[in-house]
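Structural overview for review
Chain residues, written in single-letter form:
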Amino acid sequence: MQASPNNTQYKLTLLLLLSVFLCMGVVAYFVIKNTVNETIEHQAVAFAEIAAVQATTARSVYAKEVVEKLKRDGSGSHEDFVHKPGYVPLPAQFLKFLGHASTENTSNLFQYRLVSKWNLQESQGINDDFLRWAWPQVEQQDEVNPTQPIAWEPVWRFEQQNGVRVLRYLSPDAASQASCVGCHNSYENRPEIMARRAADGVQVGKQWRQYQLLGALSITIPLDKVEAVAAVKVRKTAILIFGILFTSLSLAILFVRRLSKQEMILRVSEKEAKDAKELLLAKHDVERAFAELSAYISAVDQHAIVSVADTQGRITQVNQKFCEISGYSEAELIGKNHNIVNSGHHSKSFFADMWHTIARGEIWRGECCNRSKMGKLYWVDSSIVPVKNSAGEIEHYISIRIDITERKLAEQRITHLANHDALTGLPNRYLLEDRFQTVLAACRRGEMMTAIMFIDLDKFKPINDTLGHKVGDMLLIEVTQRLRNSIREVDTVSRHGGDEFIVLLANIASVADAEVLVKKLLESVIRPYEILGNTLTISASIGIAVYPNDGDDMDVLLKHSDIAMYVAKQKGGNNYQLYSPDMHK
């Protein structure tokens, strides 16, 4: 008995629906799983970068604020600090203690330790496969005779340790201060150290220069806990997706079955007279069924921002979440290019790389900054999947995005806190030094001058002591605003600590230009302040050092401007002094 055409068509429809169900389920599962895994890895690397910055910053603060203070008091740091009253650990020892404490206090959330080819302790050597792989890559970045800090790049990879996937991260640790170089060079000349180097096959009598590589910070972050949580989330999401797909498939099958029964009734009652018309109506009904099926399936992506575009990049379909986050209606988006949400944040090469990847039929992944209709910026973690036909030709692209705006804002806040003063919001020493290097490079190209002003407020301490720290803090904030209003946009004002400020003047033609600005600053600072019902008056003592006359790097110019400032303060304050070599006498 031969199957009827209607029965055959019904079976083919069911087979097609089942194929669509399986394909959509598998694609959705792997896209979500890959997106979650990449987010975990990205977050782990970002966390390692933050941990490295915090560790080196803590050591730097310890060296400058604690060790330098003790040196001035007549003691300082010493390797045998336990048996020497009044002495504290060396900065390197302090960082090692900090690493042990961080590991214990975070329940092994992450671990870090100092390592070096020229280790002073066996536990700090290059003693595992990762370090033997990563150390040469860090060492290749070193320079023979650096004159300024080297732009070090960290090295990392993901590997298995005792059945647990971990991030291994190696951050270069260079000789940032001359005291570090002197200390390590003296160690390398010790007989017992030279004997160890010879036994290990390492260069004997190694001597460093400032900014060269001394060691590195090895950070290990286990991913088992977060991967376990992510696996549960992926499974739950997959179950939800399959549930929605199954429900959609069941509804579609019932709908097609109902259409099939209606078609059979029509074929029996009007077979001879309306045969051609019935076929046309059946075709329209099937097309409408598939259209409704697409609407059901679109419910799968309600947790994500989804759009479909043709091969020219024109949008053909969007979900409600896309409309909500972009602020555009579906009618405003259909037929438009994704440039409608372009924020201008990314370069042309960024999008060229994206199109080059998907045009080859490969999945592109990346983070994009978009702009809504109201002008608000938002960040998305994107995956663009090319969809091909049976001939292997790309028919359209499916874009699946996850809103990561809160995470990006948190990263920006962390970066801001790492580079700015907490009270005034001014750039701190690290950001000032970065801007100084940019200004110095421009001055060398254009044969211009730059200047550093060292500002110390006169009579601030009595106000702070008598009226309290709240008044003192408000006074510092007001002084900050006046300094900002008195300089040019290309200049930078930074808080050096307490009531001391640094002003970097960029691209001045002569010393006279600096004097014009410093007079403006003195006039601005001395004007009375109204703070919490108190009328306060302070002034400033300012020292000026000019590049290239008074030095060619930031440390030298800061030192000379500091000397000039003390001369200005000795002359009664409320004045400025240009640095001259005879001030050392």
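Residues numbered from 1 in each chain as written. Predicted model: local features only at pLDDT ≥ 70, side-chain atom pairs only at ≥ 80, totals over all residues. Heavy atoms only, no water.

Quick word on the side chain of Thr220
The topology assignment puts Thr220 in strand 6 (residues 213-222). Owing to a relative accessible area of 11%, Thr220 belongs among the buried residues under this scheme. A polar contact of 3.2 Å, which involves the side chain of Thr220, links it to the side chain of Arg168. Dropping the residues within four chain positions of it, Thr220 is found in contact with Phe110, Gln111, Gln161, Val166, Leu167 and Arg168. (Helix = DSSP H or I, 4+ residues; strand = E, 2+ residues; numbered from the N terminus. Buried < 20%, exposed > 50% of the residue type's maximum accessible area, 1.4 Å probe, protein only. Polar contact = N/O pair within 3.5 Å; in protein donor to acceptor, adjacent residues only side chain to side chain. Contact = heavy atoms within 4.5 Å.)

Description of the sheet that holds strand 12 (residues 449-458)
An order of 13-14-12-17-18 is seen for the 5 strands of this open sheet, with the pairing classed as mixed. Strands at the two margins of the open sheet, each flanked by one partner only, are strand 13 (492-497) and strand 18 (575-578). Shown here is a sheet whose adjacent strand axes are inclined to one another by a mean of 20 degrees, direction ignored. Bridging between strand 13 and strand 14 (residues 500-508) involves 5 bridges; their strand directions are antiparallel. Among the inter-strand pairings, Thr492 is bridged to a residue of strand 14, identified as Leu504. Contacts between helix 12 (residues 429-446) and the sheet are confined to strand 12, strand 13, strand 14 and strand 17 (539-547), with strand 14 contributing the most and set at about 20 degrees to the helix. (Pairing = 2+ DSSP bridges. Axes fitted to C-alpha atoms, helices over the stretch in contact; angles between N-to-C directions.)

Some thoughts on the pattern of salt bridges
Under the definition given, this model contains 16 salt bridges. A salt bridge links Arg168 to Glu159; the nearest nitrogen and oxygen atoms lie 3.2 Å apart. Both residues of the pair, Arg168 and Glu159, count as buried. Taking the shortest distance from any N to any O, the salt bridge between Glu367 and Arg407 comes out at 2.3 Å. With Glu367 in strand 9 (residues 364-371) and Arg407 in helix 11 (residues 405-419), this pair connects stretches of sequence that are 40 residues apart. Accessibility assignment for this pair places Glu367 and Arg407 in one class, buried. Where salt bridges share partners, they join Asp128, Arg157, Glu159 and Arg168 into one cluster. (Salt bridge = Lys/Arg side-chain N within 4 Å of Asp/Glu carboxyl O.)

As for the packing of helix 12 against helix 16 (residues 554-570)
Between helix 12 and helix 16, the shortest axis-to-axis distance is 11 Å and the interhelical angle comes to 115 degrees. With respect to their mutual orientation, helix 12 and helix 16 come out roughly perpendicular. Between helix 12 and helix 16, the contacting residues are Arg429, Leu432, Glu433 and Phe436 on the first element and Met554, Asp555, Leu557 and Leu558 on the second. Of the residues that constitute the contact of helix 12 with helix 16, the class distribution is 5 nonpolar, no polar and 3 charged. (Parallel < 35°, antiparallel > 145°, perpendicular 65-115°, else oblique. Nonpolar A, V, L, I, M, F, W, Y, C, P; charged D, E, K, R; others polar.)

Some thoughts on the sheet that holds strand 11 (residues 394-403)
Strands pair in a sheet through their backbones, by hydrogen bonds, and they do so in one of two ways: parallel or antiparallel. The strand order 8-7-11-10-9 describes an open sheet built from 5 strands, whose pairing is antiparallel. Lying at the two open borders of the sheet, with one neighbouring strand each, are strand 8 (315-318) and strand 9. Adjacent strand axes in the sheet meet at a mean angle of 30 degrees when their direction is disregarded. Of the pairings in the sheet, the one linking strand 7 (residues 305-310) to strand 8 comprises 3 bridges and is antiparallel in character. For Val308, the partnering residue across the bridge sits in strand 8 and is Gln317. Contacting strand 9, strand 10 (377-388) and strand 11, helix 10 (residues 348-359) runs over the sheet at an angle of about 140 degrees to strand 9.

Digging into the nonpolar core
Within the largest apolar cluster, 34 residues are counted, with the highest numbers of intra-cluster contacts made by Met453, Leu457, Leu475 and Ile542. Of all the secondary-structure elements, those providing two or more residues to this core are strand 12, helix 13 (460-467), helix 14 (469-486), strand 14, helix 15 (511-526), strand 15 (529-531) and strand 17. At 6 residues, the largest contribution of residues to this core is made by helix 15. Among the nonpolar cores identified, the runner-up in size contains 19 residues, and Val138, Val155, Leu214 and Ala216 belong to it. (Core = buried A, V, L, I, M, F, W, Y, C linked by side-chain atoms within 4.5 Å.)

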